[in-house]
Amino acid sequence: MKLYHTELVIFACINQIQQIDMVSSTQDLSSIPFVSMITANKMGICEYDLVSGQLFFINDYFKILNWDLSGATPRNLQQLRSLIYPQDVGTFDVAIKVCCSRDAVAFTVKYRLMDAAGRVAWMETHLYSYGKGADGKPTRIAGLTRNIHCREEERKRMLKDNTDYRNLLKAIPDFIFIFDENLIFQDIILPEGLNLFHKKEEMIGQHGSLIYSDEICALFISSIRECLDTGQPKEIEYPVDLFESRYYYKARITPLAGRKAFLLISDISDRIKRMENLMEAKLHAEEADRMKTAFIANMSHEIRTPLNSIIGFTGIIAAEEDPGLKEEYLEIVNTNNDLLLQLINDILDLSLIESGKYEMSLIPTNIHNLIDEVANAHKVRTNPEVEFKVIYPANATLTVVTDANRVKQILFNFLSNAAKNTTRGSITLGVEEGHRHLRFYVTDTGRGIPEDKLGTIFDRFEKLDNFVQGTGLGLSIAANLVRHLGGEINVQSKVGQGSTFSFTLPYADSLPAIDNSTQGKSGKRE
């Protein structure tokens, strides 16, 4: 039989007590050496005779336990049970029953005593059964009792403090992990309403890799060990990818006893996103400033060039007497007038589009007639050495609700761009019917566009050749117009072989779907 420390004490007491006839002897038992030692340690000794049913208190039991009995000393188990707090009687009975079941059984029971005034105190009794009757069951039960009321009250206070502490932590919007130095979960405290992908009970004792990537785990382990070695708190920030989104967290690490660390985890995603938005806004502002500078530089050059020609040749015409030269100079002035007017129109169009006040008049439009008008206007501007082709829709009566002027403006921009970059071969203007949409296109056999420029060809002021006349606004305006018409713009090109610029237009007999926020009060679409 394996005896523990308390059982050894009880067993030693029993050996000395058994030498005395407890029923008949009037000897002062406190003189027994072992009893004196136990009494000095504030432990009361009692014995219960299972045969007679009598209860004996070996030393000054209740005085030692600091308990005012205020009545006769209990002489049997029933009288003792009447002193026990009602809710603890069942626990006490179970302990006695276990000790009565067989010989040499040790059992510890905690219970409360209650006096007539309702005063309650916690007791702890170590029971040990011994002796053997004819039925093989024990004949006596010895007990060592200690008053543990202060200890229990302190335990309750600490438990309450711990509960209050955990409830306070739960009220914090952050969550808490307690790890050991190997990143094993020791405890988890979550704020109300926050759930992790695993139950808290399942995570305790598991490695941090249960929820973190290997890279983040390595960061945690190195930071925790550094914190434990130096004894200084540490902060780290790290990203977590969930549901195809990235979140950011900050961990404040504080050392605890036993090579453990307290981690206060804060969600800083909003802060990081605000910083990213501010950085993006800063880059946009810098880009806007650069674009403004580029705009002024471009416009300064583009406006001065035709304006100088107009002013210069106007003065020459006034002084020139030769009618033939006057006609030639007048044509130059008219050409530069057109260039200057086109430049101003482009600037105004771009300004209106970006301010959201660009109006569109959507009316039923015959596509065959629209293409014919664009083709006739462009023929007079085409280089005689370049063949101009037109492909009309198969259905001559095809009608679509759209803004005819804006469609023509887009096609004029495409054709103007093709004419500037095509010195031989052909330029083709065409339209074809698709599934619920029309596709307009302009194909040329010009110089083509390098592949690295295709992604920026529709940006403002983007020009493949700075020596070719133009502002670089035409294609940018065309892209914005196509978007407002509810279509998509596209470019395909190979250097040395030519390019195809195209855009789609919804094929319907009603207005195309456009964002209501751009609709004007007059019923026109912006």
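Residues numbered from 1 in each chain as written. Predicted model: local features only at pLDDT ≥ 70, side-chain atom pairs only at ≥ 80, totals over all residues. Heavy atoms only, no water.

(A) Local environment of the sheet that holds strand S4 (residues 120-130). A sheet is described by the order of its strands in space; here five strands give the open sequence S2-S1-S5-S4-S3, paired in antiparallel fashion. Either end of the sheet is taken by a strand with one partner, and the two such strands are strand S2 (55-57) and strand S3 (106-114). Pairwise comparison of adjacent strand axes, ignoring direction, gives a mean angle of 25° for this sheet. In the sheet, strand S1 (residues 43-49) pairs with S2 via three bridges, with the strands oriented antiparallel. Opposite Glu47, over in S2, you have Phe56 as the bridge partner. Along the sheet, helix H5 (residues 89-101) contacts S3, S4 and strand S5 (140-147); its crossing angle with S3, the most-contacted strand, is approximately 150°. (Pairing = 2+ DSSP bridges. Helix = DSSP H or I, 4+ residues; strand = E, 2+ residues; numbered from the N terminus. Axes fitted to C-alpha atoms, helices over the stretch in contact; angles between N-to-C directions. Contact = heavy atoms within 4.5 Å.)

(B) Molecular detail of the pattern of salt bridges. Under the criterion given, the structure shown has 18 salt bridges. Among the ionic pairs, Glu47 bridges to Arg140, the shortest N-O distance being 3.0 Å. Highlighted residues: Glu47 in strand S1 and Arg140 in strand S5, separated in sequence by 93 residues. Residue Glu47 is classed as buried on the basis of its relative accessible area, which comes to 3%. As a salt-bridge pair, Lys110 and Glu152 come within 3.2 Å of each other at their nearest N and O atoms. Residue Lys110 is located in strand S3, and its partner Glu152 is located in helix H6 (residues 149-171); the two are separated by 42 residues in the primary sequence. For Lys110, a relative accessible area of 34% corresponds to the partly exposed category. By relative accessible area, which is 2% here, Glu152 ends up buried. Within this structure, Glu47, Asp49 and Arg140 form a network of salt bridges that share partners. (Salt bridge = Lys/Arg side-chain N within 4 Å of Asp/Glu carboxyl O. Buried < 20%, exposed > 50% of the residue type's maximum accessible area, 1.4 Å probe, protein only.)

Keep in mind these values describe shape, not function.
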